[in-house]
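# What the coordinates show
Residues per chain are reported as follows:
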Amino acid sequence: MAENSVLTSTTGRTSLADSSIFDSKVTEISKENLLIESTSYVEEEMPQIETRVILVQEAGKQEELIKALKTVKIMEVPVIKIKESCPGKSDEKLIKSVINMDIKVGFVKMESVEEFEGLDSPEFENVFVVMDFQDSVFNDLYKADCRVIGPPIVLNCSQKGEPLPFSCRPLYCTSMMNLVLCFTGFRKKEELVRLVTLVHHMGGVIRKDFNSKVTHLVANCTQGEKFRVAVSLGTPIMKPEWIYKAWERRNEQDFCAAVDDFRNEFKVPPFQDCILSFLGFSDEEKTNMEEMTEMQGGKYLPLGDERCTHLVVEENIVKDLPFEPSKKLYVVKQEWFWGSIQMDARAGETMYLYEKANTPELKKSVSMLSLNTPNSNRKRRRLKETLAQLSRETDVSPFPPRKRPSAEHSLSIGSLLDISNTPESSINYGDTPKSCTKSSKNSTPVPSKQSARWQVAKELYQTESNYVNILATIIQLFQVPLEEEGQCGGRILAPEEIKTIFGSIPDIFDVHTKIKDDLEDLIVNWDESKSIGDIFLKYSKDLVKTYPPFVNFFEMSKETIIKCEKQKPRFHAFLKINQAKPECGRQSLVELLIRPVQRLPSVALLLNDLKKHTADENPDKSTLEKAIGSLKEVMMHINEDKRKTEAQKQIFDVVYEVDGCPANLLSSHRSLIQRVETISLGEHPCDRGEQVTLFLFNDCLEIARKRHKVIGTFRSPHGQTRPPASLKHIHLMPLSQIKKVLDIRETEDCHNAFALLVRPPTEQANVLLSFQMTSDELPKENWLKMLCRHVANTICKADAENLIYTADPESFEVNTKDMDSTLSRASRAIKKTSKKVTRAFSFSKTPKRALRRALMTSHGSHGSVEGRSPSSNDKHVMSRLSSTSSLAGNSWMINEIMNVRRIPWRKDIS
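Residues numbered from 1 in each chain as written. Predicted model: local features only at pLDDT ≥ 70, side-chain atom pairs only at ≥ 80, totals over all residues. Heavy atoms only, no water.

You'll find the protein chain entered in an unreviewed UniProt entry as Protein ECT2, with Papio anubis given as the organism.

As C-alpha cells, this is what we get:
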C-alpha cells in the first residue's frame, strides 16, 4: 500500500495505460529513509479537512455495502507538499506520508455527475465508491483526478477491520495486491494498455524492466531476454488470460490471483510455440515423449519436417544426424526435454546442444585423453587388468568368494581400501558428511600372509562402503533436491510425499556411516584379535530404531513413486534426468531404495562366514554369535512390525471403503481375518436381494451393504485423492452376540446359503440373519469354520465346532431361487422407490418406540412367547433340524430357535 513508499509525481494523475510512464515518474524510497515528521509539523503542512465516502449511483442501493461502510471508521489520507518548480512549469506534488484519519462525516449518495461539483470541495478528502469501472461516471471521476475504489475494498476493510486504503490510481479490489508484474512479447499497444489497466485496478504494480523484484512475467511469446531471465530466476511466467480471469473474479472476497491452484491454470507451458521431433528413441519411449509434449503445450511432427523448431536426440545412441539441420532448428539432447518439464518452463537450448561424435572439438578432447606413449599397449593392458581386478574386489555380494586369485597379493592396501577405486565413489556428494567421502588410511602395509578371516572382514568393509555410497546417492541426488526451497516452477512433490518415499533413509545413512568408519579403522590397523562383532553390537539399538520404519513402509514408498511418476510429469522428468547420471549405475530410484531392505540379511551372512573363519580361542567368536543374534532380533522385530502395519493398513482400507464406519473399529489389538461377499436372503440386516459385504475381524463382524449412489472422490488436504466409498455401514457386531451358526443344506432352490442366530443385548429375542455367498473362491465350509473359531475365541470356548448346526432351508424359509433374475431385480427396485415415496409423502411418522411398545403389547395379549408350548408347526421345524453336536446341544438349539422373532433390525445396537 502507499504507506510503504514516498511517491513523487509531476502531474496530479498518472497514466494507467503505459506502465513505463508511471515507472519513469514515480520514485520509490524505503520506509527507513522517511523523514519522521512531528505532529505539529504535519498540522502546519496539511489544512484541517474532513474525510467522506460517496456512494455513486448503484453503489448507494447496495444494502450489504451500506452495512459494511458503517463499520469502517478510519481512512488513509496522503500528506501532500507542493514543491515549486521553474517558471513556466507546473508545481510538483510530493506525497510525504500517509496518515490515518477518522471518518466523522456520514456517507453521501451521488446519483449523477452534475452533483459532483457540489460535492467536490477542498475541505473534504472524498473517496468515491463505484460499482462499475467501465461506465461514463467512472471515466468522469477518473479524469477529475478523484480517489475511486470498488465495493470489494469496502467489504474487505469491514471484514478485517482495516482503514480504507490510499492509492494513486482507482482501486477496485486487492486481488493482485503486492504483486509486481512485467510484460514481454506484446506488439499491440491497445492490448497492453488494457492489461496494465486491469492490473492497476486489482492493486498490482507494473515494471517496465525485469528485475529480482518482479513476481510474475506476463508473456505473449517464449522468446526474448526477459523470458530467459525469468526462467533462470524461477519466476512464474503467465499467459495474458490470467489477468482477464482474475478480473472476472474481482467481486469474490478473499480471492488472490497468486494462489497456486488458480495461477497454475494459466502458466505458460514449457513447450508452447515449440514443434518437436525425436531421434534415437525406442517406439515406447518416443510415444511417451510425444504424449508429454502435447501435455506440456507443444506439438510434434515426423523427423525431417521443416516446420520443426527442435530435434531431441538420444545422444548415447545417435552418432550422426541423418540430414543437415537448418540454422533455425535446435538440435538438443534429451536432457533439455526432461529439464524443461522439471523446471515447468522452457530451458535454454544453448546448454543442451547436441554435438556430433566427429566434431573437431570432440576429436581434440579425445586425443588429449589417448595413451600415445611408446608403451601404450602394455599400459592399456595393465590398466585393463587392474580395473578388472578392482571390479571383482568391489563387487557388492553377500557371499565372499571362496578362492581369491593370486594377483590380489600384488595390490596395495591403498588400492583395496580406497573408495575412489569403486564406481560409486565418483559421486560428488556436496554436503554429504565427511564420513562418506574421507579418504582411507592407506599407510598400513598389507599383512605378509592374508588370513581367510581378514579376507571376509575386508569384503564386509567394502560392501559397507558401497552401501553407504548408495545411501548418499539417494539422499544427495534425489531427496535433497526435492526438499530444496525455491525450486524452479515450485515444489515437485509435497513434503508428505517426500517423507513417504524416503522415510528414515537419512537415519540409516548416519548409522552405517559410523559402522563403516569403525570397520575402516579396524581393517587399516588389522589384528586377528580385533573384534568385529563388537561394532555391530554397539549399533544394534540404532538399527532397531531406524530399519523397521523404512522396511515396513517400503511397499508404500514404492507405490508413491509409481503413482507420482504417472500423475506428475515434473517428477517423471526429475527421475529421468537423475537416473541417467552415472552415480545411479543405470538403476532406478525404486531399485536403489530396495538396498536397505536387502542389507541386514547380507550382513548376517557375512558375519556367519566370518565366524566360520574365526578360531575357537578367539574372543571375537562369541561376540560374533551375539552380533548375529542381535541382527536376527532386528529382522524379527521388522517382520513383526510389518505384520502389524499391514494389519492396521487393512483396517484403514475398510474404514475408507465403508461410508459411516464407526471410528471404534480402529484398534491396535484388532486385525482383519476375512472378507466375504454375500446377498441378503431375509429382511435383516437389510432388504432381501441387497449385496452385503461381511468383514470378519478377530473380535467383531462389520456388516455393510453396497451403496445405491456413489459420492464423488475424496480429496485429502494434501491433494491426494481416494476412490469413493462403495459400501454403506449397517452394523458393527461383536462376535459374542453370535449364538449359533447355521449351515443351510444345499437344495435346488437353495445354494451356498448360511445364517447367523444373533442375540443383541438390547433385544429380548434372537434375530436370524441369512446370507448367500456369491464367490466360490472361499468354500462355505471353510468360511463357517473360520467364523466359529473366532466366535469361540471371543467367548472363551474350546469347542468351536459345537457352534455350527446344519439346517434345512424350509425350516427358516430361506431360498436363493431367482435372486439374480430380471424380475427379482425389478421388484427390488420398485420396493426401494416405494420406500422413498412413502418417506417423502409421510406427514405423520410413528416413532419407533411407539411401534415397539405396540408390538410388545400385542405379544403380551396373546401370551408370553417364551412361555407358550410348541405348536405343531414348531414341532415340524424341530424335526427338520439336525446338529453335528450332542443331543444336549440340540435341545438348547431348539429353545433358541423358539425365541426367534420377526423384529426390526436395530442399527444402534452396542
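On to the overall build of the protein chain, then. A tally of regular secondary structure across the protein chain gives 31 helices and 27 strands. For the protein chain, with 910 residues in total, the buried portion stands at 44%. When contacts within the protein chain are restricted to residue pairs at least 6 apart in sequence, those whose partners lie at least 24 apart make up 69%. For the protein chain, the computed accessible surface area is about 49,000 Å², with 52% contributed by carbon and sulfur atoms. (Helix = DSSP H or I, 4+ residues; strand = E, 2+ residues; numbered from the N terminus. Buried < 20%, exposed > 50% of the residue type's maximum accessible area, 1.4 Å probe, protein only. Contact = heavy atoms within 4.5 Å. Areas by Shrake-Rupley, 256 points an atom, 1.4 Å probe, with all protein chains shown as cover.)

Here the focus is empty space enclosed by the protein. Using the criterion set out here, one finds 3 cavities of 30 Å³ or more in the structure. The volume enclosed by the largest cavity comes to roughly 100 Å³. The two domains that each donate at least three residues to the lining of the largest cavity are domain 2 (180–266) and domain 3 (275–351). (1 Å grid on protein atoms, 1.4 Å probe; cavity = no way out; pocket = protein on both sides within 12 Å on 5 of 7 lines; lining within 4 Å. Points joined across faces, edges and corners; volume = space filled by probe spheres on them. Domains from an automatic or database assignment.)

On to the nonpolar core, then. Counting residues in hydrophobic clusters, the biggest one holds 60 residues, and the most contacted among them are F478, F502, I532, F536, F571, L593 and L607. The biggest single contributor to this core is helix 17 (residues 452–483), with 15 residues. Filtering out sequence-adjacent residues up to four positions away, F478 remains in contact with T473, F502, F574, L575, N578, Q579, C584, L589 and L592. (Core = buried A, V, L, I, M, F, W, Y, C linked by side-chain atoms within 4.5 Å.)

An order of 5-2-6-7 is seen for the 4 strands of this open sheet, with the pairing classed as parallel. In the strand order of this sheet, the two ends are held by strand 5 (108–110) and strand 7 (148–149), each with one partner. In this sheet, strand 6 (residues 124–129) lies alongside strand 2 (residues 50–56) in parallel orientation, the contact comprising 6 bridges. Bridge assignment links R52 to a residue of strand 6, and that residue is N126. On top of the sheet, helix 3 (residues 63–71) reaches strand 2, strand 5 and strand 6; it is set at about 170 degrees to strand 2, its chief contact. (Pairing = 2+ DSSP bridges. Axes fitted to C-alpha atoms, helices over the stretch in contact; angles between N-to-C directions.)

The end-to-end C-alpha separation of helix 21 (residues 540–552) is 18 Å, in line with the 18 Å expected for 13 residues at 1.5 Å each. Remark: the principal bend of helix 21, roughly 25 degrees, maps to T546, with a proline, P548, within the next four residues. Among all positions of helix 21, only S540, L543, T546, Y547, P548, F550, V551 and N552 are buried. (Expected span 1.5 Å × (residues − 1). Bend = angle between axes of the 7 residues up to and from the residue.)

This part is about the sheet that holds strand 14 (residues 310–313). The sheet built from 4 strands is open, its strands ordered 13-12-14-15 with parallel pairing. Every other strand in the sheet has two partners, leaving strand 13 (299–300) and strand 15 (330–333) as the edge strands with one partner each. As judged from the 4 bridges shared by strand 12 (residues 275–279) and strand 14, these two strands associate in the parallel manner. Its bridge partner being in strand 14, F278 is matched across the sheet by V312. Each of strand 12, strand 13 and strand 14 is contacted by helix 11 (residues 283–295), which is oriented at about 170 degrees to strand 12, the strand it contacts most.

Here the focus is the pairing of strand 6. With respect to burial, strand 6 is a largely interior element, 5 of its 6 residues being buried. Bridging between strand 6 and strand 7 involves 2 bridges; their strand directions are parallel. For V129, the partnering residue across the bridge sits in strand 7 and is I149.

Before going further, it helps to spend a moment on the packing of aromatic side chains. Across all of its chains, the model carries 17 aromatic pairs by this definition. Between the aromatic rings of F754 and W783, the centroid separation amounts to 6.2 Å while the plane-to-plane angle is 70 degrees, which identifies the pairing as edge-to-face. Taken together, the residues span a long stretch of sequence, with F754 in strand 24 (residues 753–758) and W783 in helix 27 (residues 780–794) at a distance of 29 residues. W783 sits in the buried class, given a relative accessible area of 0%. Taken together, F271, F278, F281, W336, F337 and W338 form an aromatic cluster joined through their ring pairs. Directly above the aromatic system of Y172 lies the positively charged group of R250, at a separation of 5.7 Å from the ring centroid. (Phe/Tyr/Trp six-rings, centres within 6.5 Å; stacked < 30°, edge-to-face > 60°. Lys NZ or Arg CZ within 6 Å of the ring centre and 35° of its normal.)

All right, on to the pattern of salt bridges then. This model, assessed by the stated rule, comprises 26 salt bridges. We note a salt bridge from E58 to K61, for which the minimum N-O separation is 3.6 Å. Its relative accessible area of 43% is what places E58 among the partly exposed residues. Look at K61 and you get exposed, because its relative accessible area is 51%. (Salt bridge = Lys/Arg side-chain N within 4 Å of Asp/Glu carboxyl O.)

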